[in-house]
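# Structural characterization, general
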Amino acid sequence: RYLLLCFALCDILTAIMHFVALPIIHMTSSGYYFFPRNEGIFRTEGGKLSTAITFVYVATYYQIFLILAY
């Protein structure tokens, strides 16, 4: 029950962060690179807010696979 709840919350957070950040995902032979696309919406110095939102998206994106594997 708790595993399903954690999976659902992470999935909802991933969907929200994907909608907000609209990350650009670049695949290479060594892994994935995630770049924020909405830096213009979050007008902060150096785009720090959009980068932080993209980090949350990346963390929850991989967390779903870890919970599913468990």
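For the structure given in this document, a descriptive report is provided here. A quick note: this is a predicted structure, and the numbers were derived from the prediction, not measured. (Residues numbered from 1 in each chain as written. Predicted model: local features only at pLDDT ≥ 70, side-chain atom pairs only at ≥ 80, totals over all residues. Heavy atoms only, no water.)

## Some remarks on the pairing of strand β1 (residues 24–28)
Heads up, the condition is: Strand pairing follows a simple DSSP-based rule, namely that at least 2 bridges must link the two strands. Starting at the N terminus, helices and strands are each numbered in turn, a helix being any DSSP run of H or I of at least four residues and a strand any DSSP run of E of at least two.
Bridge analysis of β1 against strand β2 (residues 31–35) gives 5 bridges, and the strand direction is antiparallel. Within the sheet, the bridge partner assigned to M27 lies in β2 and is Y32. Between β1 and β2, which follow one another and run antiparallel, lie 2 residues.

## Quick notes on helix α1 (residues 2–21)
Inclusion rule: Each helix should span, by expectation, one fewer than its residue count multiplied by 1.5 Å. The contact criterion used throughout is that any non-hydrogen atoms of two residues lie within 4.5 Å.
If you check α1, its first and last C-alpha atoms are 28 Å apart, about what 20 residues at 1.5 Å a residue would give, namely 28 Å. Summarising the contacts, the buried residues of α1 are in contact with α2 (48–69).

## Details of the packing of aromatic side chains
One pair of aromatic rings is described through two measures. These are the centre distance and the angle between the planes. Keep this limit in mind: Between 30 and 60 degrees the pair is tilted, below 30 it is stacked and above 60 it is edge-to-face, where a pair is any two Phe, Tyr or Trp rings, Trp via its six-membered ring, whose centres lie within 6.5 Å. For a lysine, the NZ atom is tested; for an arginine, the CZ atom; a charge sits over a ring if that atom is within 6 Å of the ring centre and within 35 degrees of the ring normal.
Enumeration according to the criterion identifies 0 aromatic pairs in this entry. In this structure, R1 is placed above the aromatic ring of Y2, and the distance from its NZ or CZ to the ring centre is 5.3 Å.

## Some details on the packing of α1 against α2
The condition that has to hold: The axes are straight lines fitted to the C-alpha atoms, using for helices just the contacting stretch, and the angles between their N-to-C directions are given from 0 to 180°. Note on terminology: angles under 35 degrees are roughly parallel, angles over 145 are roughly antiparallel, angles of 65 to 115 are roughly perpendicular, and the others are oblique. By convention, the crossing between two helices is left-handed when the near helix turns anticlockwise from the far helix through less than a right angle, and right-handed when the turn is clockwise. Polarity classes work like this: nonpolar for Ala, Val, Leu, Ile, Met, Phe, Trp, Tyr, Cys and Pro, charged for Asp, Glu, Lys and Arg, and polar for all others, with Gly in that last group.
Between α1 and α2, the least distance of the axes is 8 Å, while the angle of their chain directions is 150 degrees. The angle between α1 and α2 places the two elements in the roughly antiparallel class. Both α1 and α2 take part in a crossing whose hand is left-handed. Contacts between α1 and α2 involve L3, C6, F7, C10, D11, L13, T14, M17, H18, V20 and A21 from the former and I53, T54, V56, Y57, T60, Y61, Q63, I64, I67 and L68 from the latter. For the contact of α1 with α2, the class distribution of residues is 15 nonpolar, 5 polar and 1 charged.

## Overview of α2
Where we set the bar: Three exposure classes are used, based on accessible area relative to the maximum for each residue type with a 1.4 Å probe and protein chains only: buried under 20%, partly exposed in between, and exposed over 50%.
Under the 1.5 Å per step criterion, the end-to-end length of α2 is 32 Å for 22 residues, consistent within 8% with the ideal 32 Å. The set of residues buried in α2 consists of S50, I53, T54, Y57, V58, T60, I64 and I67. Where α2 is buried, its residues meet α1, β1 and β2.

## Some details on the environment of C6
Summarising the element assignment, C6 is placed in helix α1. When the C-alpha positions of C6 and I64 are compared, they lie 8.9 Å apart, and in sequence the two are 58 residues distant.

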